[in-house]
Amino acid sequence: MCIRDRSSNYYLIKPEDYDRMMSNAITSDYKQASPNVVNVINKEASLIAKKLEIDDRVDIFQNQNSFCTIKDHKPDFPARIDVRLINPAKSNLGLVSKKILDKVNTAIRRKINSNQWRSTGDVLEWFDGIQEKNKHNFFQWDIVSFYPSITEKLFNTLLIFARKYIQISKEEENILRNARKQILCWNRKTWTKANGNLFDVPMGSYDGAELCELAGLYCLFMMKLKLPHENFGLYRDDGLGVSTKSGPAMSRIEKTLHQTFKGMGLKITTTINVKRVEFLDAILDLSNGTRGPYRKPLDTPVYVNANSSHPAPVIKQIPRSVQDRLSTLSSTENEFDLAAPPYREALKKAGYKENLKFEKPVHTEKKNRSRKCIWFNPPHSMAVETNITKLFAEIINKSFPKDHPYLSKLFNKNNMKLSYSCTQNMSAIIASHNKKLLSSRLDEAPVKFCKCN
């Protein structure tokens, strides 16, 4: 079977070795529990869904097997292999919790002055705004195991913090707490946190990222109290800041960071007094004030072949999107040229003839206008010569004429769109193969029943 983490690399591993890795990852934080705990979660979720009048479209808890991916970006890889445990078992009330947390985070973000970055573009804007960059030094930190480190105690603190800026009703709090009741499924067994508590923030939950954003806002708030004169920000579990201090003063900043996060029950790793950092997918350099694209050493770019059976607009847009991304991340043409060769080679291997060149990005204000659209997604095939898009437009105009007093407003070319769908990519095919392989091995294995009375 093949597994990977966030890079384009796949690693072949024997199923028995994978079982051992999963066992070690699970037993370090979880213990076996009775399968009946799922019924307790479902019962509470059912009552909440009835109050919200969505019980007719909310499924029961999804008992999906957990899986892990290899962290190949760690400095001691492959001598020491760390894995990321993903838990897809979750309740659909997590989608409701996600919307509540989105609303809460947006309100807090508007009212407190903190740099919570949500994309690389936010980080680049922050970096470009630093005056006299050569007089500053970076201090960087990373929150260790951010998701599983959020305890129920910290969660309660986050609710108190959030209520200072936005009203959270008792019903909303009940939804948030129910979404935190999680189990883990593996090897036909049910697992819960080792402390016996159902509270968990697993990677793979519907609202895990939003809860981490709320925790990040609280972290930034606490750091601002301790370091009011420093310039810093946070993206999920990765933090970055600049300071004109150096030497012992920077060491005191590092000590303050550790103490602040320790008070919240979190652990961090830090790097201080550096001029150049690799943050997200960008390289930031304070010495000369430049920035450029960053690619993990083991991450080799791979693109869809130019002759593959994909819609023509998709094939046409790939070289342009690669060029735009590299140009956006690069502050100068020199930084672009230093980063471009691996991407040029990857595009050439995929059959593209376009040459990447630096183009300074033009920032335009996007008008975000929400529009409800009905999408028709026929499968795409190069063998089909019929212009499906044209026929689709003709059918709409014929079925819902413009002079119709009612239907023309509900169904027209502005709210009915066509977009071709493609077959599964290689990642989805490999994931399906792994799932089938593991399922067959579990079916062959004898079920061991408990011998206790």
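An account of the accompanying structure is given in this report. The structure presented is a predicted model; accordingly, all values stated were derived computationally and were not measured.

On to the sheet that holds strand β11 (residues 238-243), then. An order of β6-β10-β11-β7-β12 is seen for the five strands of this open sheet, with the pairing classed as mixed. Each edge of the open sheet is held by one strand with a lone partner, namely β6 (115-116) and β12 (268-274). With six bridges joining them, strand β7 (residues 137-143) and β11 adopt antiparallel strand pairing. Note that in β11 the partner of Asp142 across the bridge is Asp238. In the packing of helix α4 (residues 120-128) onto the sheet, the strands contacted are β6, β7, β10 (231-235) and β11, and the crossing angle to β11 comes to about 5°.

According to the stated counting rule, one finds 19 salt bridges in the structure shown. Between Arg109 and Glu213 there is a salt bridge, with its nearest N and O atoms 3.1 Å apart. Taken together, the residues Arg109 in helix α3 (residues 93-111) and Glu213 in helix α8 (residues 208-226) connect sequence positions 104 residues apart. On the basis of relative accessible area, Arg109 is assigned to the buried category, the value being 19%. Glu173 serves as the salt-bridge partner of Arg163, at 2.7 Å between the closest nitrogen and oxygen. Here the residue Arg163 occupies a position in the loop between α6 (152-162) and α7 (170-179), and Glu173 occupies one in helix α7, the gap between them amounting to 10 residues. Taking relative accessible area as the criterion, Arg163 reaches 37% and is therefore assigned partly exposed. What you see here is one network of salt bridges that share partners, running through Arg109, Arg118 and Glu213.

Strand order in the open sheet formed by three strands is β13-β14-β15, and the pairing between neighbours is antiparallel. Two strands close off the open sheet at either side, each with one partner strand: β13 (276-279) and β15 (290-293). Between one strand axis and the next, the sheet turns through 20° on average, direction left out of account. Pairing analysis gives four bridges linking β13 to strand β14 (residues 282-285), with the strands arranged antiparallel. Among the inter-strand pairings, Arg276 is bridged to a residue of β14, identified as Asp285. Against the sheet, α4 engages β13, β14 and β15, with an angle of about 10° to β14. Sitting on the sheet, helix α10 (residues 312-329) is in contact with β14 and β15, with an inclination near 155° to β15.

What counts and how
- Residues numbered from 1 in each chain as written.
- Predicted model: local features only at pLDDT ≥ 70, side-chain atom pairs only at ≥ 80, totals over all residues.
- Heavy atoms only, no water.
- Pairing = 2+ DSSP bridges.
- Helix = DSSP H or I, 4+ residues; strand = E, 2+ residues; numbered from the N terminus.
- Contact = heavy atoms within 4.5 Å.
- Axes fitted to C-alpha atoms, helices over the stretch in contact; angles between N-to-C directions.
- Salt bridge = Lys/Arg side-chain N within 4 Å of Asp/Glu carboxyl O.
- Buried < 20%, exposed > 50% of the residue type's maximum accessible area, 1.4 Å probe, protein only.

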